[in-house]
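# Observations on the model geometry
Letter by letter, the chains look like this.
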Amino acid sequence: MEKKSLFKNPFYRFDSLNILLFFTAWGIWWSFFQIWLTNTLHFSGEQVGTIYSFNSAITLVLMFVYGAIQDRLGLKRHLLIFCAVMEMLLGPFFTWLYAPLLHSNFYLGTFLGSLYLSFAFLAASPTFEAVTERISRRYRFEYGQARSWGSFGYAVSALLAGFLFTISPNLVFWLSSAIALLLFLLLVFVHPEKNQEMIDLYENKLENAKESSTASLKEIFGVFKMKALWQIIIYIIFSWTFYTVFDQQMFPQFFTQFFATKALGQQMYGVLNSVEVFLEAIMMACVPWLMKKIGVRKTLLVGITIMVIRIGGCGLVTNPLGVSCIKLLHAPETACFALGLFRYFTLHFDTKVSATLYMVGYQIAAQVGQIIFSTPLGDLRDHIGYSHTFLVISGITLIAGIYATFILKKDNVDVNGQPLSRD
C-alpha cells in the first residue's frame, strides 16, 4: 500500500495512536527510572540490580500469562484496557507507596513495585506490540510503520521528562497517569473494526481465516516443545538481556557523570535519549524495507553486530560527545533486532501463537537473563566501574552473535508462518 493511502487506513491510524500513547506514558518515567533509583533514592548498583531482577522475575511469569490470554482473545481489547487502567495508577503508586516503602522496607517495596510495574507496563509492552503486529497482518499495513509511532512517543516524552525530572521526579509519574487516561479512552470508545465498509476495503481475507480459529491451550503450551524456540531463547538471554542491563540499569547514570551537576546531566541525558529514540522511530519505519532487501536473518545479524560495537564503544570512549555518538547506534540496533525477531517468529512459526512465541522466545527469555545477571552485573559495576563492565558485556554479546550465525534459519527454510516477500 502506498504511503499516501496508508493514513487513510483507519486500522493503521488507530493502532499507531494506540501504541504512541502507550510508549509515551511508559517513556516519560521509565527513561529516568534508573536515575531516580540512583540519584534521587540513593541506592547502590547492587540494590538497583536487585530491583531490576525482581521486576524481571514477576514479568517473566506474567508475560506468559498475558501472551496466552491475548492469543485466546485474538484481536479483542479486554487485556489492553486492563493494562491501561493499571497505568493510570502510576502517579499515586510511586508518590505515596513505592518510594516510601523502598526506604522503610526495601525488599517488600521491591516486591510490590515489581508486581505493579509488571502488570501495568513491563508485561503490557510486548502485549501491545503483539496485538499491533497481529492487526497489521490482518488489515494490510507494516507493523514497523505503526511501531515507529511508539518510538516517536517515547522520544517526545523522554525529552520532556529530562526537564520535568529536574523540577520534581513526581511530575513525570503523574503525567504518565494522565497520558494513560487518554489511552484508556481510546481503547474504550474508538472501534474501526465496527465499520464494515472499512473492513471490506482493508481486511486480508487469508489472515482473517487464520484468526477465525483462536489458538488452543495445547497449541499455546506446545511452543515449549520446539527445539528451534529454545535455540532462540539461549540467543536472547546472552544478547538482548545484556543490552537491557547496559541500556536501562547502567547507562543513564554513567552518562550523567560527565557533567558538572546532576541536574545538567539529567537534562542532557533526556535530550540524548530523545534524539536516540527519534532516530529509532525512523529506523522502525525503514527496517521492514531493509528486511525485504536483505532478508530477516541478515537483518538480525546486523542488529547484533551493532549491539557489540555500541556497548564496547561506550566502554572505550571517555568524553560525552563520543559516548553520545556511539549511543545513537541504539536506533538501527533496536529496530533491526526487535522487528527482525518478530518477523522471524511469524516467518518460521504458526502465526496463531505469535503472541505467546513473542513473549516466550523474546521477552520472557530476556527477563530470565535479567533475573540471572542484573544483580551480579550491578555488583561488578560497583567493583570495576562502568567502562570495564561495558567491555565485559560487549564480549558476551559478541559470543552470542557468533552463536546466532549457526542457529538462525535462512528465510526459505521451515516457512511455517507468513512467507517473506522480497523486493
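Residues numbered from 1 in each chain as written. Predicted model: local features only at pLDDT ≥ 70, side-chain atom pairs only at ≥ 80, totals over all residues. Heavy atoms only, no water.

### Structural notes on the pattern of salt bridges
Think of it this way: side chains of opposite charge can pair up when their charged atoms draw near. The following threshold applies: By definition here, a salt bridge exists when the distance from a side-chain nitrogen of Lys or Arg to a carboxyl oxygen of Asp or Glu is within 4 Å. A run of H or I in DSSP counts as a helix once it spans at least four residues, and a run of E counts as a strand once it spans at least two, with each numbered from the N terminus. Here's how the labels work: a residue is buried when its accessible area is under 20% of the maximum for its type, exposed when over 50%, partly exposed in between, all with a 1.4 Å probe on protein chains only.
Under the criterion given, the structure shown has 10 salt bridges. Note that K327 and E276 form a salt bridge whose closest N and O atoms lie 2.3 Å from each other. Placement of K327 in helix α18 (residues 320-327) and of E276 in helix α16 (residues 262-294) is noted, with a sequence separation of 51 residues between them. Residue class for K327 comes out buried when judged on its relative accessible area of 1%. For E276, a relative accessible area of 2% corresponds to the buried category.

### Description of helix α2 (residues 10-30)
So the rule is basically this: Residue count minus one, scaled by 1.5 Å, sets the expected span of a helix. We call two N or O atoms a polar contact when they sit within 3.5 Å, provided that within protein one can donate a hydrogen and the other can accept it, with sequence-adjacent residues counted only if both atoms are side-chain atoms.
Between its first and last C-alpha atoms α2 spans 30 Å; for 21 residues at 1.5 Å apiece the expected length is 30 Å, and the two agree. Where α2 begins, one side-chain oxygen reaches toward the backbone nitrogen of F11, 2.9 Å away; that side chain belongs to N9.

### Structural notes on unusual backbone geometry
Note on backbone geometry: most residues besides glycine have negative phi, and most peptide bonds are trans. With phi around 65°, R140 is a residue other than glycine that occupies positive phi space. Along the chain, the position of R140 falls in the loop between α8 (124-138) and α9 (143-167). For D414, which is not a glycine, the phi torsion comes out positive at approximately 50°. Following the sequence through the fold, D414 ends up in the segment after α21 (386-407).

### Concerning the packing of α2 against α9
Here is the rule: Only the stretch in contact is used when a helix axis is fitted, and all axes are lines through C-alpha atoms; the angle between N-to-C directions ranges over 0 to 180 degrees. An angle counts as roughly parallel when it lies under 35 degrees, as roughly antiparallel when it exceeds 145, as roughly perpendicular when it falls between 65 and 115, and as oblique in every other case. What makes a crossing left-handed is the near helix being turned counterclockwise from the far one by less than a right angle; a clockwise turn instead makes it right-handed. Should any heavy atoms of two residues lie within 4.5 Å, those residues are counted as being in contact. Here the term charged refers only to Asp, Glu, Lys and Arg, the term nonpolar to Ala, Val, Leu, Ile, Met, Phe, Trp, Tyr, Cys and Pro, and the term polar to all other amino acids, Gly among them.
For the pair α2 and α9, the least separation of the axes is 7 Å and the interaxial angle reads 30°. As summarised for this structure, α2 and α9 are arranged roughly parallel, according to the angle between their axes. Crossing hand, α2 versus α9: right-handed. Contact with α2, carried on its side by Y12, S16, I19, L20, F23, T24, G27, I28 and W30, involves Q145, A146, R147, W149, G150, F152, G153, Y154, S157, A158, L160 and A161 of α9 and no other residues of that element. By residue class, the composition of the contact of α2 with α9 is 13 nonpolar, seven polar and one charged.

### Structural notes on the nonpolar core
Quick note on the threshold: The nonpolar core is taken to be a set of buried Ala, Val, Leu, Ile, Met, Phe, Trp, Tyr and Cys residues, with the residues joined through side-chain atoms within 4.5 Å.
Grouped together as the largest cluster of nonpolar side chains are 127 residues, with contacts concentrated most on W29, F33, W36, L37, F94 and I236. Ranked by residue count, the leading element in this core is α2, at 12 residues. Sequence-distant contacts of I236, that is, excluding residues within four places in its chain, are made with T241, F337, L341, G361, Y362, A365 and A366.

### Description of empty space enclosed by the protein
A probe matching the size of a water molecule, rolled over the atoms, marks out where space remains unfilled. Formally: Points on a 1 Å grid, built from protein atoms alone, make a cavity when a 1.4 Å probe fits but cannot get out and make a pocket when they are open with protein on both sides within 12 Å along at least 5 of 7 lines; residues with an atom within 4 Å of a point are the lining residues. Grid points are joined across faces, edges and corners, and a volume is the space filled by probe spheres set on the points.
What the rule picks out here adds up to two cavities of 30 Å³ or more. Approximately 670 Å³ is the volume attributed to the largest cavity. Residue lining of the largest cavity: 39 residues in total, with W26, W30, W240, Y243 and Q248 positioned closest to the centre. Looking at the lining of the largest cavity residue by residue, the classes come out as 18 nonpolar, 16 polar and five charged.

### Details of the packing of aromatic side chains
Here is the rule: Stacked, tilted and edge-to-face are the three classes applied to pairs of Phe, Tyr and Trp rings, where Trp contributes its six-membered ring and a pair requires centres within 6.5 Å; stacked means planes under 30 degrees apart, edge-to-face means over 60, and tilted covers the rest. Think of it as a cone above the ring: NZ of Lys or CZ of Arg counts as a charge over the ring if it is within 6 Å of the ring centre and within 35 degrees of the ring normal.
What the rule picks out here adds up to 53 aromatic pairs. With a centroid separation of 5.3 Å and 90° between ring planes, the pair formed by F22 and F23 is classed as edge-to-face. Across from the ring centre of F23, 4.1 Å away, lies the NZ or CZ of R147, which sits over that ring. K327 extends its terminal NZ or CZ atom over the ring of F251, reaching a point 4.8 Å from the ring centre.

### Thoughts on the environment of L181
Looking at the element boundaries, L181 is found in helix α10 (residues 169-189). Here the alpha-carbon distance between L181 and G74, two residues 107 residues apart in the chain, equals 24 Å.

### Description of the packing of helix α5 (residues 78-87) against α10
Between α5 and α10, the shortest axis-to-axis distance is 8 Å and the interhelical angle comes to 160°. Compared by their axis directions, α5 and α10 come out roughly antiparallel. For the pair α5 and α10, the crossing hand works out as left-handed. Counted together, L80, I81, A84, V85 and E87 of α5 and S177, A180, L183, F184, L187 and V188 of α10 form the full contact between these two elements. Grouping the amino acids of the contact of α5 with α10 by side-chain chemistry returns nine nonpolar, one polar and one charged.

### Focus: the confidence of the model for the chain
Going by this rule: pLDDT is a residue-level measure of predictor confidence that goes from 0 to 100.
Summarising the model, the chain shows a mean pLDDT of 84, and 93% of its residues fall at 70 or more. The secondary structure element of the chain with the lowest average pLDDT is helix α1 (residues 3-6), at 58, and the one with the highest is α5, at 95.

### Section: helix α7 (residues 106-122)
With 17 residues, α7 extends only 20 Å from end C-alpha to end C-alpha; this falls clearly short of the ideal 24 Å at 1.5 Å per step. Considered for burial, the residues of α7 that qualify are F106, G109, T110, G113, S114, Y116, L117, S118, A120, F121 and L122.

### Describing the layout of surface pockets
The calculated volume of the largest pocket comes to roughly 1000 Å³. Mapped onto the lining of the largest pocket, the elements with two or more residues apiece are α1, α8, α9, α16 and α19 (330-348). Counting residues per element, the lining of the largest pocket draws most heavily on α16, at seven residues. Considering only residue class, the lining of the largest pocket consists of 18 nonpolar, eight polar and eight charged. Size it by volume and the second largest pocket reaches roughly 350 Å³.

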